[in-house]
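One-letter residues, chain by chain:
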Amino acid sequence: MTDDLSWPSHPFDFAAYGDDDKLKEECGVFGVLGTLDAANFVALGLHALQHRGQEAGGIVSYDAEQGFNSARRFGYVRDNFTSQSIMETLPGSLAIGHVRYSTAGSKGQTAIRDVQPFFGEFAMGGAAIAHNGNITNADALRRELIERGSIFQSSSDSECIIHLMARSLQRNIPERMEDALRRVEGAFSVVAMTRTKLIGVRDALGVRPLVLGKLDTGYVLSSETCALDIIGAEFVREIEPGEMVVITDKGVDSRFPFRPKKSRFCIFEHVYFSRPDSILGGRSVYETREAIGRELAKEAPIDADLVCPVPDSGTPAAIGFSLQSGIPYAMGIIRNQYMGRTFIEPTESIRNMGVRLKLNVNRALIKGKRVILVDDSVVRGTTSRKIKEMILDAGAAEVHFRIASPPTAWPCFYGVDTPQREKLLAATMSEEEMRDHLGVDSLKFISLNGLYRAVGEAKGRNAKQPQYCDACFSGEYPVEPADMIEKGFEMKAAE
């Protein structure tokens, strides 16, 4: 995601064009132990997690004869890890993988050395690690480690974990990882491997997701359950907040190395990040998003002719809004699923097509209608304005926005690519000012309590002890972002 308000200089530079105004998850992780050609299963799993990171991907495998092998590439999983020549270099029955966006590190200027998994050779053998989340004290840790002689190869905060493990005095790699992660602040779901073990860890707050699956002959760790489905693995359970699982051919050993804390899972996983066919906290993501739409219809009713989603992320909430309100649901905007790079020279007229290259209005349906557009979020508002213009150009009588999340007014420091606070529309404008800025007839966001009700908290948000991490909406950070405060970030004043 770029930090300015401009569109890419080449209109085909984003395969997910029209989504650059969305918050981006930093990455997805996947690991397999106990099956032949484990790297092939990892590639399939990463393909299912592609929505969590489309910038680059990597796989590390271990084979008793050839040792550790790795492949790291820019671009989509399908463009790299379907190549037989690459996959033949990753033999073995144990492998882990990672897909990424850049948040920490060389944001937007990723070098191949920043692509995970990272590998380290220790006295007791090698280990590879893939990390989803953000380390909020990474700058301080990096300074300390460099002063003590560590030599960093990447700009990624995740590399701190490898160096902390290297300096640990514990006697085996799982214990060294425990030792290292106790020094780390922020959010982390980690998948790691040694020659014989697959390891999964979640931070004590459980901000980022991690699940355990079972194959006929082995085990799987994944950021989401949808990636288990693609390889035919059975969903066993979620890794608990603060839990470490060490998996061998003998089974799963569970331990809790961190001081217990009340869970603060990321509520935006329910709203947008996770795929709708995944299960979170025992709840279908699709059904939760439909419930969000129903709650939104109760909170912000409007008389209109059609309820239309902004595809694809707004679709379940739009269905819920339609069901609750009784207003017909319609596909008023059609998504071009085959948007990709092209050889067309980016002339000014093509650049100005903008979001139209990705989304097209169903004119026959829209003309003369009062349209409710349901989207999952408004971040900077650039895409929302362009979509509104397209709807009006198609002859809509009225345009009403209904947003399936509260206003995003604060940046995330736990593994989500968020613009600087002043670039967030809700940080500088009221709801009425945002409505005027977007030029729509009405604009309403779901309330924070309404969102909590939709995700299963019948009494809404517990203000004294929130059940989820909702810092991007509330400004209440469960872990102090030490590095960002050092750089001048101002926390929300206590009320």
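Residues numbered from 1 in each chain as written. Predicted model: local features only at pLDDT ≥ 70, side-chain atom pairs only at ≥ 80, totals over all residues. Heavy atoms only, no water.

Moving on, we come to the overall build of the chain. The helix and strand inventory of the chain stands at 18 helices and 25 strands. Scored against the burial criterion, the 495 residues of the chain give a buried share of 59%. Considering only residue pairs separated by 6 or more positions, the chain has 68% of its internal contacts joining residues 24 or more positions apart. For the chain, the accessible surface area stands at approximately 20200 Å², while carbon and sulfur atoms represent 48% of it. (Helix = DSSP H or I, 4+ residues; strand = E, 2+ residues; numbered from the N terminus. Buried < 20%, exposed > 50% of the residue type's maximum accessible area, 1.4 Å probe, protein only. Contact = heavy atoms within 4.5 Å. Areas by Shrake-Rupley, 256 points an atom, 1.4 Å probe, with all protein chains shown as cover.)

Before going further, it helps to examine the sheet that holds strand β24 (residues 442–445). Spatial strand order, β18-β21-β22-β24: 4 strands in an open sheet with parallel pairing. The outermost strands of the open sheet, each flanked by one partner alone, are β18 (306–309) and β24. Strand-to-strand, the axes of this sheet are offset by a mean angle of 20 degrees, without reference to chain direction. Pairing between β18 and strand β21 (residues 370–375): 4 bridges, direction parallel. Paired with C308 across the bridge in β21 is L373. Contacts from helix α10 (residues 315–325) reach β18, β21 and β22 (398–403) within the one sheet, and its direction differs from that of β18 by about 165 degrees. (Pairing = 2+ DSSP bridges. Axes fitted to C-alpha atoms, helices over the stretch in contact; angles between N-to-C directions.)

Our focus in this paragraph is the sheet that holds strand β3 (residues 56–63). With antiparallel pairing, 7 strands are arranged side by side in an open sheet as β4-β3-β5-β2-β11-β10-β12. At either margin of the open sheet sits one strand with a lone partner, and together these are β4 (67–74) and β12 (234–238). The average angle at which neighbouring strand axes cross in this sheet is 15 degrees, direction not considered. Sheet topology places strand β2 (residues 27–33) next to strand β5 (residues 94–100); 7 bridges connect them, and they run antiparallel.

So, on to the nonpolar core. With 72 residues, the main nonpolar core has F268, I366, L373, I391, Y414, L443 and L451 as its most contacted residues. Filtering out sequence-adjacent residues up to four positions away, L373 remains in contact with C308, V310, I333, I387, I391, V399, H400, F401 and R402. Counting residues in each nonpolar core, the second largest holds 28 residues, with F152, I161, M177 and I199 among its members. (Core = buried A, V, L, I, M, F, W, Y, C linked by side-chain atoms within 4.5 Å.)

A separate point is the pattern of salt bridges. Inspection of the entire model under this criterion finds 26 salt bridges. E486 is the partner of R143 in a salt bridge, and the nearest nitrogen-oxygen pair spans 3.2 Å. Here R143 is found in helix α4 (residues 138–147), whereas its partner E486 is found in helix α18 (residues 482–486), with 343 residues between them in sequence. On the basis of relative accessibility, which here comes to 53%, the residue E486 falls in the exposed class. Its salt-bridge partner being D277, residue R275 comes within 2.6 Å of it at the nearest N-O pair. Classification of R275 by relative accessible area gives partly exposed; the value is 26%. Through salt bridges with shared partners, a single network forms among R52, R208, E224 and E269. (Salt bridge = Lys/Arg side-chain N within 4 Å of Asp/Glu carboxyl O.)

Before going further, it helps to examine the confidence of the model for the chain. Model confidence for the chain is summarised by a mean pLDDT of 89, while 89% of its residues fall at 70 or above. Within the model, pLDDT remains below 50 along residues 103–108, and this stretch shows 17 contacts once partners closer than five positions in the same chain are excluded. (pLDDT = per-residue confidence, 0-100.)

This next bit is on the state of the cysteines. Two cysteines whose sulfur atoms are joined by a covalent bond form what is called a disulfide. Within the structure shown, the criterion is met by 0 disulfides. You can see C266 has no disulfide; the closest cysteine sulfur is in C469, sitting 6.1 Å from it. (Disulfide = S-S within 2.5 Å.)

With that settled, the discussion passes to the side chain of N69. Structurally, the position occupied by N69 is in strand β4. Within polar-contact distance, the side chain of N69 engages the backbone oxygen of G67 at 3.4 Å. When neighbours within four sequence positions are excluded, N69 is seen to be in contact with I59, V60, S61, T89, L90 and P91. (Polar contact = N/O pair within 3.5 Å; in protein donor to acceptor, adjacent residues only side chain to side chain.)

This next bit is on empty space enclosed by the protein. Using the criterion set out here, one finds 3 cavities of 30 Å³ or more in the structure. Its volume calculated, the largest cavity comes out at about 80 Å³. What lines the largest cavity is a set of 13 residues, and nearest its centre among them are C266, C412, V416, C469 and C472. Elements supplying a minimum of two residues to the lining of the largest cavity: α8 (268–273) and α17 (471–474). (1 Å grid on protein atoms, 1.4 Å probe; cavity = no way out; pocket = protein on both sides within 12 Å on 5 of 7 lines; lining within 4 Å. Points joined across faces, edges and corners; volume = space filled by probe spheres on them.)

Attention now moves to the pairing of β5. Counting buried positions along β5 gives 7 out of 7 residues, so the element sits mostly inside the fold. Judged by which residues are buried, β5 turns out to be covered on both faces: L94, I96, H98 and R100 on one side and A95, G97 and V99 on the other are all buried. Note that β3 and β5 share 7 bridges and pair antiparallel. If you follow Y62 over to β5, its bridge partner there is L94.

Before going further, it helps to spend a moment on the packing of α4 against helix α5 (residues 159–167). In the contact formed by α4 and α5, the axes pass within 10 Å of each other and the chain directions differ by 45 degrees. Looking at the two axes, α4 sits oblique to α5. Where α4 crosses over α5, the two elements pack in a sense that is left-handed. Packed against α4, whose contacting residues are A138, L141, R142 and L145, the element α5 presents C160, H163, L164 and R167 at the interface. Tallied by class, the residues present in the contact of α4 with α5 amount to 5 nonpolar, 1 polar and 2 charged. (Parallel < 35°, antiparallel > 145°, perpendicular 65-115°, else oblique. Left-handed = near helix turned anticlockwise from the far one by under 90°. Nonpolar A, V, L, I, M, F, W, Y, C, P; charged D, E, K, R; others polar.)

Glancing now at the environment of I267. Turning to its location among the elements, I267 is positioned in the loop between β15 (265–266) and α8. When its relative accessible area of 0% is taken as the criterion, I267 is described as buried. Separated by 200 residues in sequence, I267 and Q467 place their C-alpha atoms 9.0 Å apart. The contacts of I267, once residues within four sequence positions are left out, are L451, Y452, V455, Y468, C469, D470 and F473.

Quick look at the packing of aromatic side chains now. Counted according to the given criterion, the structure contains 13 aromatic pairs. Aromatic pair F268 and F473: ring centres 5.6 Å apart, planes at 35 degrees, arrangement tilted. Here F473 lies in helix α17 and F268 lies in helix α8, a separation of 205 residues in the sequence. The same class applies to F268 as to F473, namely buried. Ring geometry for Y414 and Y477: centres 6.3 Å apart, planes at 70 degrees, overall edge-to-face. Taken together, the residues Y414 in the loop between β22 and β23 (416–417) and Y477 in the loop between α17 and α18 connect sequence positions 63 residues apart. Its relative accessible area of 1% is what places Y414 among the buried residues. On the basis of relative accessible area, Y477 is assigned to the buried category, the value being 11%. Among the aromatic residues, those joined into a ring-pair cluster are W410, F413, Y414, Y477 and F489. Geometry around Y219 places K214 over its ring, the cationic atom sitting 4.8 Å from the centre. (Phe/Tyr/Trp six-rings, centres within 6.5 Å; stacked < 30°, edge-to-face > 60°. Lys NZ or Arg CZ within 6 Å of the ring centre and 35° of its normal.)

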